[in-house]
Amino acid sequence: MNIRIASAVAALFLAAGPAAAAASQLQVFPFVEAVRYSHHNDDYTVRVRTPGGVWQDLYEYKVKVDLDNPSDASMVYFNFDGPVEVAVQKNNGRFSEVKIRPSGKGIKPVVRGRTAYFTLTRPENLSIEFDDDHLHNLHLFTHAIRKDMPAAPPRAATAPIGNGTPPDFTQPVVYFGPGVHDGEFNVRSNSTVYIDGSALLKRPLIVNGVENVKIFSDGLFDSVDMLTIKNSRHVLIDGPIFFNQPHGTMRCITSQDIEERSIRTIGGGKWSDGLGHFACERVTVADSFIRTSDDSVTLYNHRWDIWGNTRDIVVKDSTLWADVAHAVMIGIHGNTPTPAHPEPEVLERIRFSNIDILDHDEDDPEYEGAIGIMAGDDNLVRDVTFEDIRVDRIEEGKLFNLHIAYTPKYNTSPGRGIENILLKNISFTGEGAPSASVMYGYDAQHKVKNIVIDNVTVGGRKLTAPEINLLDIGQFVEGVSFK
């Protein structure tokens, strides 16, 4: 049962009146009894309250991070409206400082003893780090309280939450109630799915060949591999939290008019891509937090039995964290023409804006790049904008990498080209010493061209021309301008 609290301190009430005092609401979701011991991490004790109200204890989930250095981090989540106060107590060992990232959010904790206190005024997805420990940090995920969602069935207030009632997919509104859910979940067209905040799913939703679907989730996907949207149209998915998935989080395949909103994922498994897109059109990704041990957001064309183009993609207002590989990877997989499939493919009209990249680590120098456009397999990548991108940490890698790719490991032909790319208001200000960013083509028929670099800085140094250790421009590149 959801716990809703609406309270405020008397001082706030007197200063701002009853309307302001009533503005804060908090929604905390009890954990499923079956995971009480198996999923808990006691590195932290985390509590939340409305200002001056009663502290509510949160369940701290154990989440796997970083395939290179496998570690147990923590995760908590809740929903709220209006200001709330958060207390994070570190239970093991002393510490000197606490950081809350992305740092651009401007959230500064106050430390008393072993506990860091801070206030949230709007929903955020954050990493709380003690003494720069990125491997045992606390992920804090929040969302606005949803209105007009299906109500949980009556249950005793003290009853443990066990197995959930199976959802009925024959109805226009499908409800996953509190508890553990396992089975085959085939979503139908013209339906709305709601996943309760105390629901824990052990299998992915199947969104295949449908249209006009809305999925709202306050709950969890535990060790679920690849929620896939395939051959579908007009699909919204909002709010799911994924953790401990063995491979990737979500795939969008040959689908159109897709909105991926408030996707929160923490993946430490092999090839655990975040949000993968193959030949999709008119896709928006927003307000998400993607931590992966492979690429965080990918845009590709042909692979396996998939063919088609990628067009009109927007990724905005999100945080990307690649413990391994790239935050953004575009264009490496496509269709080398054959008699059966003679048409090469294109990726075009793509925009990334207001993105925080918390980390990038790639061991293969050819493929280093927090931001990567690597066109292979006869792909043409064009009309791409990266704007207002903040890169906080690079363990090993480059700020950006634009090149025509042709390696036996991934490709059967070089890409046709990369053209009309805008890199604007991009900065690396954090930790690490990145290698020089690069651009290079393949030959005179496979070029990188028409690149605008507008206010791109590395450690405070603005890129105004090729420069050793900052930017290398190789062969078969033309039309690079700096602003």
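Going by the structure above, here's the rest.
Residues numbered from 1 in each chain as written. Predicted model: local features only at pLDDT ≥ 70, side-chain atom pairs only at ≥ 80, totals over all residues. Heavy atoms only, no water.

**Thoughts on the overall build of the chain**
The helix and strand tally for the chain stands at two helices and 42 strands. Counting only C-alpha atoms and orienting by the principal axes, one finds that the chain spans roughly 70 × 55 × 40 Å. Considering the chain as a whole, with its 483 residues, one finds that 55% of them fall into the buried category. Put simply, 66% of the contacts in the chain that link residues at least 6 apart link residues at least 24 apart. (Helix = DSSP H or I, 4+ residues; strand = E, 2+ residues; numbered from the N terminus. Buried < 20%, exposed > 50% of the residue type's maximum accessible area, 1.4 Å probe, protein only. Contact = heavy atoms within 4.5 Å.)

**Focus on the layout of surface pockets**
Approximately 690 Å³ is the volume attributed to the largest pocket. If you trace the largest pocket, you find 32 residues lining it, with Trp-271, Asp-273, Asp-294, Asp-295 and Tyr-410 closest to the centre. Where the lining of the largest pocket is concerned, the elements lending two or more residues are strand 24 (250-253), strand 27 (275-278) and strand 30 (297-300). Split into classes, the residues belonging to the lining of the largest pocket amount to 13 nonpolar, seven polar and twelve charged. (1 Å grid on protein atoms, 1.4 Å probe; cavity = no way out; pocket = protein on both sides within 12 Å on 5 of 7 lines; lining within 4 Å. Points joined across faces, edges and corners; volume = space filled by probe spheres on them. Nonpolar A, V, L, I, M, F, W, Y, C, P; charged D, E, K, R; others polar.)

**Thoughts on the packing of aromatic side chains**
Across all of its chains, the model carries 21 aromatic pairs by this definition. Judged by centre distance (5.8 Å) and plane angle (55°), the ring pair of Tyr-61 and Phe-243 falls under tilted. Remark: Phe-243 occurs in strand 23 (residues 241-243) and Tyr-61 occurs in strand 5 (residues 61-65); sequence separation between them is 182 residues. Note on Tyr-61: relative accessible area 3%, which makes it buried. Between Phe-169 and Phe-176 the ring centres are 5.9 Å apart and the planes differ by 70°, which places this aromatic pair in the edge-to-face class. An identical accessibility class is assigned to Phe-169 and Phe-176; each is buried. (Phe/Tyr/Trp six-rings, centres within 6.5 Å; stacked < 30°, edge-to-face > 60°.)

**Describing the sheet that holds strand 9 (residues 110-112)**
In space, the five strands of this open sheet follow the order 4-3-7-10-9, with antiparallel pairing throughout. Strands at the two margins of the open sheet, each flanked by one partner only, are strand 4 (56-57) and strand 9. Where strand 9 lies against strand 10 (residues 115-120), three bridges are found, and the strand directions are antiparallel. Considered in strand 10, the bridge of Val-110 is made with Tyr-117. (Pairing = 2+ DSSP bridges.)

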